[in-house]
Amino acid sequence: MSEISALIAQMQCNVVAAELWTHNMRAACVLYITDQVSNGPIECHQRLKRIKESLSNVLKGDQGSKSARTDFSMSVTHTERRLHQMMFADRDYEGVSDDQMWDLDGKVTVENCNEKGYSVVNIECRNRPKFLFDTLCTLTDMEYVIFHGTIDTDGQRAYQEYYIRHIDGRTLDSEAERRRVVLCLKAAINRRSSEGLRLELCTNDRVGLLSDVTRIFREHGLSVIRADVSTRDDKACNVFYVRDASGNQVDLKTIEALRQEIGLAVLQVKEPLCLSKPLVRQSSLRSRFSFGSLRPSQVLHNLGFIRSSP
């Protein structure tokens with residue numbers, strides 16, 4: 001992220017919003033950028049081509065890793081939906097064991113209900129924000145149709161059950177396909193998992209701010225595992241989840257050095273959301289629902305990339 005934001009600043013562009021996820025040694029990011037002078041979308045196709053080529057060179061990484069991809073879009077984009085699609089297209093669910101993939105203390109099963117003509121998906125894990133969004137996006141992107149669903153929670157735990165078919169009405173007949181659905185749903189849930197230390201930055205926005213902050217993170221040996229960058233009026237409001245270069249928790253001395261360099265009032269340390277141990281399910285709440293189309297909410301010129309995470 002440090003290299004990307006530095007390159008964008010060098011090419012006279014400003015990052016007004018961005019969101020980055022990492023999962024299974026891959027990183028995906030959607031950035032909303034504007035021209036530094038006009039403060040509007042970049043309309044010169046030759047300039048966009050140069051930016052894309054420069055980003056592709058930075059994102060190449062190791063020769064043995066999966067190839068990186070970069071693209072621009074002028075259309076309306078729902079950022080989190082797009083990140084799910086990018087990770088899914090990149091097959092981030094492959095090559096990971098169940099123990100490595102499942103961080104939220106739960107389970108996913110897929111079974112066929114032959115007498116009803118459906119495949120039944122059951123999901124149980126610790127409850128968290130946007131859990132429903134993540135699972136529905138995944139099933140939709142895999143081109144399954146949801147006919148019935150049950151959503152339940154006791155506060156600490158979340159339970160979802162879906163009756164699904166293929167678009168042509170077929171059920172999930174092979175064990176390999178059912179296994180793939182399980183892996184994809186687990187990956188979708190884990191992508192949003194925030195296991196690092198949460199750092200919140202709020203200060204006056206300026207061109208190159210994201211580049212400067214992420215450079216300082218890198219110089220102190222930190223790795224950004226998730227980020228949410230936004231601009232409100234003239235204020236930059238950024239959230240970063242970080243670990244050290246080895247993937248471990250960050251020590252207190254490093255955090256204090258960061259705050260001294262960036263600014264004690266600018267950078268605040270927040271503990272990640274602590275989810276309690278699961279409770280025993282005591283009741284069942286059944287509710288019928290229909291899954292409508294997801295409406296996009298972002299209208300800025302955006303750039304997405306995906307590559308191996310260092």
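Cut-offs and rules
Residues numbered from 1 in each chain as written. Predicted model: local features only at pLDDT ≥ 70, side-chain atom pairs only at ≥ 80, totals over all residues. Heavy atoms only, no water. Phe/Tyr/Trp six-rings, centres within 6.5 Å; stacked < 30°, edge-to-face > 60°. Helix = DSSP H or I, 4+ residues; strand = E, 2+ residues; numbered from the N terminus. Buried < 20%, exposed > 50% of the residue type's maximum accessible area, 1.4 Å probe, protein only. Lys NZ or Arg CZ within 6 Å of the ring centre and 35° of its normal. Salt bridge = Lys/Arg side-chain N within 4 Å of Asp/Glu carboxyl O.

Asker: Would you take a moment to explain the packing of aromatic side chains for this structure?
Answerer: Enumeration over the complete set of coordinates arrives at four aromatic pairs. Ring geometry for Tyr 118 versus Phe 147: centroids 5.5 Å apart, planes at 55 degrees, classification tilted. Placement of Tyr 118 in strand E5 (residues 118-126) and of Phe 147 in strand E6 (residues 144-153) is noted, with a sequence separation of 29 residues between them. Note on Tyr 118 and Tyr 163: the rings are 5.8 Å apart at their centroids and 85 degrees apart in plane angle, and the pair reads as edge-to-face. Placement of Tyr 118 in strand E5 and of Tyr 163 in strand E7 (residues 157-166) is noted, with a sequence separation of 45 residues between them. Residue classification places Tyr 118 among the buried residues on the basis of a relative accessible area of 13%. Aromatic ring contacts, followed pair by pair, group Tyr 118, Phe 147 and Tyr 163 into a single cluster. It is Arg 165 that lies over the ring of Tyr 118; its NZ or CZ is 4.1 Å from the centre. Its end group placed over the ring of Phe 147, Arg 165 keeps NZ or CZ at 4.8 Å from the ring centre.

Asker: What am I meant to see in the pattern of salt bridges here?
Answerer: Side-chain pairs of opposite charge can arise whenever the charged atoms involved come near each other. If you walk through the whole model with that rule in mind, you get 17 salt bridges. Of the charged contacts in the structure, one is a salt bridge between Asp 212 and Arg 206, with a shortest N-O distance of 2.9 Å. On the basis of relative accessibility, which here comes to 26%, the residue Asp 212 falls in the partly exposed class. Judged by its relative accessible area of 41%, Arg 206 falls in the partly exposed class. Counted as one network, the salt bridges with shared partners bring together Glu 80, Arg 128, Lys 130, Asp 134 and Arg 192.

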